[in-house]
Amino acid sequence: MEIFESVMESYGLTPLPKNTVEAMAYVPFQQYNSKTYSPEQSLEAGTAYPGLDKPFFGSKCSGGKND
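Residues numbered from 1 in each chain as written. Predicted model: local features only at pLDDT ≥ 70, side-chain atom pairs only at ≥ 80, totals over all residues. Heavy atoms only, no water.

Draft legend 1. Quick look at the overall build of the protein. Helix and strand counts for the protein stand at two helices and zero strands. Scored against the burial criterion, the 67 residues of the protein give a buried share of 6%. Residue pairs at least 24 apart in sequence account for 8% of intrachain contacts in the protein once pairs closer than 6 positions are excluded. Accessible area for the protein stands at about 6300 Å²; split by element, carbon and sulfur atoms hold 56% of it. (Helix = DSSP H or I, 4+ residues; strand = E, 2+ residues; numbered from the N terminus. Buried < 20%, exposed > 50% of the residue type's maximum accessible area, 1.4 Å probe, protein only. Contact = heavy atoms within 4.5 Å. Areas by Shrake-Rupley, 256 points an atom, 1.4 Å probe, with all protein chains shown as cover.)

Here's what the structure looks like:
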């Protein structure tokens, strides 16, 4: 078991609160993932972590105003 998982279990923490409220923004705890991009891919993506790689496509996504 990873240290992060051990601490989460010991203190009863979850990535998001158990009781959420409407219209409140919640950001989950970042889960440690041993996978990382190569240095070249990291520079291109803007992050070394695949879980944080969220490209912005603007109106190119389906359902956009300019489709």
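Draft legend 2. Structural view of the side chain of Ser42. Structurally, the position occupied by Ser42 is in helix H2 (residues 39-45). Setting aside residues no more than four positions away along its own chain, Ser42 makes contact with Tyr37, Thr47 and Ala48.

Draft legend 3. Molecular detail of unusual backbone geometry. In this structure, Ala23 is a non-glycine residue whose phi angle is positive, near 65 degrees. Given a relative accessible area of 83%, Ala23 falls into the exposed group.

Draft legend 4. Highlighting the side chain of Thr47. Tracing the sequence through the fold places Thr47 in the segment after H2. Among all residues touching Thr47, those that are not within four sequence positions of it are Tyr37, Ser42, Leu52 and Asp53.

Draft legend 5. Representation of the environment of Lys54. Counting through the fold element by element, Lys54 comes out in the segment after H2. A polar atom in the side chain of Lys54 sits 3.5 Å from the backbone oxygen of Gly51. (Polar contact = N/O pair within 3.5 Å; in protein donor to acceptor, adjacent residues only side chain to side chain.)

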